[in-house]
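So the chains spell out like this:
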Amino acid sequence: MKKQKTGLTTKIFIALIAGAIIGVTINLIAGFDSKGIIDSWLVNGIFDLVGKMFISAIMMLVVPLVLTSLICGSAGIEDIRKLGRVGIKTLAFYISTTSIAIALALLLSFITRPGIGFSIAEKGVAFDTQDAPGFVETISSIIPANPFMAFAEGRMLQVIFFALLFGFAMSMLGDKVGTVRKGMEELNEVVMKMVVMIMHTAPYGVFALIANVFAREGFGAFLPLIKYFLTVLAVLCIHFAFIYGSALKFIGKLSPIVFLKKFYPTMLVAFSTASSNATLPVTMDTAENKMGVSNKIASFTLPLGATINMDGTAIMQGVAVVFIAQAYSIELTFVNIITVILTATLASIGTAGVPSVGLITLAMVLRQVNLPVEGIALIMGIDRILDMTRTAVNISGDTIGSIIIAKSEGELDQSVFNQ
Ligand code: ASP
């Protein structure tokens, strides 16, 4: 299984490089404006077709994925009522750090402007945007008058609202709806399997989409991609060092250095698996045996964190939104930005802790602010290393949350932490 995954990643990466080389070659020898055979058969023909099919396949999965994974996720939060205060504190910590992460990502990418220089729209692949709705409208429209219309039109905030409510209702009914719960869990598995299947076609999709972009853009397309990559890495580091560092130091009154020294092996596991779920046993072991978090707190906060708390993923999505908006020369309004913060926070809740899922839920964030989902292809080929890095940040957030909450509840053995 693992071997297959590595194989796929390599294939996607090769597709990216091959697409870029073929695209640049076409750009150099044919010149994009030649309107010749290459243009009509290859760039606007096969590349365009394969690329569009791949994007449709991703879009196809967004609503089912968010629906099933959020329903299962929120139905599993039944312990929250049992744990009361701890539950609320955990949720508050996770949600607030995720919103800070995404705000930081937006801020830094407005400074580095990673997508400037692409200007895809100017070259004739403009994306039709609609006027973004106003703030009050956005907030009030979160409640879907007709959930089926929301699914059909892919209105993500409405889908999320419905899914959360459905999940909570399910958790309140408990064993009475055991069959529905089991059915939902199985449905979620089926959708996850479909994600894996679609991801196997990614090399072709990425090749076609990238070749298409580079045929139009030529060499000019490299710099924005590098900028995007570095911006995501920079925000991940800043969030880790400053936000987590200060949370530990000022809220937990604990040494961030001691934490880092003991935690970095766990981060390496996350880095190499790119999966919060796969790392969970190691995260729990580290939290309990090296950090001194009681089992009572760790066993609740960490699995919950691995499921719903993805600060690193939110960071990638924030930078990606700005990158794609700039690449397509689409202005982001203030309302758009607030919507992105809200949606990416929720998207992080709906992102499963397995490799690459953050890219699929990115489609929903883009959709919510009317940005072209095709943009995902631009960043897909270089996502693996970012996925590995953001997963390490994701599980650090879970563990720091767990430590701080344990400390506030008198459930942290500080002698173990300082050992
Ligand atoms: N790989 C990430 C995780 O497991 C999720 C993602 O961003 O794709 O935490």
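Whatever comes next refers back to the structure up there.
In short, a report on the structure. (Residues numbered from 1 in each chain as written. Predicted model: local features only at pLDDT ≥ 70, side-chain atom pairs only at ≥ 80, totals over all residues. Heavy atoms only, no water.)

### Here we look at the side chain of Arg390
And step 1. Residue placement: Arg390 occurs in helix H18 (residues 383-408).
And step 2. Assessed through its relative accessible area of 1%, Arg390 is described here as buried.
And step 3. With sequence-adjacent residues up to four places away left out, Arg390 is seen in contact with Leu236, Gly312, Thr313, Met316, Ser356, Gly358, Leu359 and Asp383. (Helix = DSSP H or I, 4+ residues; strand = E, 2+ residues; numbered from the N terminus. Buried < 20%, exposed > 50% of the residue type's maximum accessible area, 1.4 Å probe, protein only. Contact = heavy atoms within 4.5 Å.)

### A look at the environment of Thr389
And step 1. Mapped onto the fold, Thr389 is located in helix H18.
And step 2. Judged by relative accessible area, which is 17%, Thr389 ranks as buried.
And step 3. Between the C-alpha atoms of Thr389 and Phe271, which are 118 residues apart in sequence, the distance is 5.6 Å.
And step 4. Dropping the residues within four chain positions of it, Thr389 is found in contact with Leu233, Leu236 and Phe271.

### Some details on the site of the ligand
And step 1. Near the ligand lie 17 residues; those nearest to it are Ser276, Thr313, Gly358, Asp387 and Arg390.
And step 2. In this structure, Asn394 approaches the ligand through a side-chain N or O atom, which is 2.8 Å from an oxygen atom.
And step 3. For the shell around the ligand, the secondary-structure elements that each account for two or more residues are helix H16 (357-368) and H18.
And step 4. Ranked by the residues each element gives to the shell around the ligand, the list is headed by H18, at four residues.
And step 5. Split by residue class, the shell around the ligand holds six nonpolar, nine polar and two charged. (Near = heavy atom within 4 Å. Polar contact = N/O pair within 3.5 Å; in protein donor to acceptor, adjacent residues only side chain to side chain. Nonpolar A, V, L, I, M, F, W, Y, C, P; charged D, E, K, R; others polar.)

### Section: the nonpolar core
And step 1. Formed by 122 residues in total, the largest nonpolar core has its most connected members in Tyr228, Phe259, Val293, Leu362, Met380 and Ile403.
And step 2. Ranked by the residues each element gives to this core, the list is headed by helix H2 (residues 37-75), at 15 residues.
And step 3. Other than its neighbours up to four places away in sequence, Leu362 contacts Met316, Gln317, Ala320, Val321, Ile376 and Ile379.
And step 4. Within the second largest apolar cluster, six residues are counted, among which are Ile26, Phe47, Ala208 and Ala211. (Core = buried A, V, L, I, M, F, W, Y, C linked by side-chain atoms within 4.5 Å.)

### Considerations on the packing of aromatic side chains
The geometry of an aromatic ring pair is captured by the separation of the ring centres together with the interplanar angle, meaning the angle of the planes.
And step 1. Following the criterion strictly, the structure yields eight aromatic pairs and no others.
And step 2. An angle of 80° between the planes, with centres 6.1 Å apart, marks the rings of Phe240 and Tyr244 as edge-to-face. Placement of the pair is Phe240 and Tyr244 together in helix H10 (residues 222-251), with a separation of four residues, close to one helical turn. Side by side, Phe240 and Tyr244 carry an identical accessibility label, which is buried. (Phe/Tyr/Trp six-rings, centres within 6.5 Å; stacked < 30°, edge-to-face > 60°.)

### Comments concerning the packing of helix H11 (residues 256-273) against H18
And step 1. Two elements in contact, H11 and H18, have axes separated by 8 Å at closest approach and are oriented at 140°. With respect to H18, the element H11 is oriented oblique. Regarding H11 and H18, the two cross each other, and that crossing is right-handed. Side by side, H11 and H18 meet where Phe259, Phe263, Thr266, Met267, Ala270, Phe271, Ser272 and Thr273 of the first sit next to Arg384, Ile385, Met388, Thr389, Thr391, Ala392, Ile395, Ser396, Thr399, Ile400 and Ile403 of the second.
And step 2. Across the contact of H11 with H18, the residue classes tally to eleven nonpolar, seven polar and one charged. (Axes fitted to C-alpha atoms, helices over the stretch in contact; angles between N-to-C directions. Parallel < 35°, antiparallel > 145°, perpendicular 65-115°, else oblique. Left-handed = near helix turned anticlockwise from the far one by under 90°.)

### What to know about the side chain of Ser396
And step 1. With respect to the helices, strands and loops of the structure, Ser396 is situated in helix H18.
And step 2. Here Ser396 is in contact with Phe240, Tyr244, Phe259, Phe263 and Met267, once residues within four sequence places are set aside.

### A look at the packing of helix H4 (residues 85-112) against helix H13 (residues 295-308)
And step 1. The interhelical angle for the contact between H4 and H13, taken along N-to-C directions, is 35°, at an axis separation of 11 Å. Crossing hand, H4 versus H13: right-handed. Mapping the contact onto sequence places Val86, Gly87, Thr90, Leu91 and Tyr94 in H4 and Ile297, Phe300, Thr301, Leu302, Leu304, Gly305 and Ile308 in H13.

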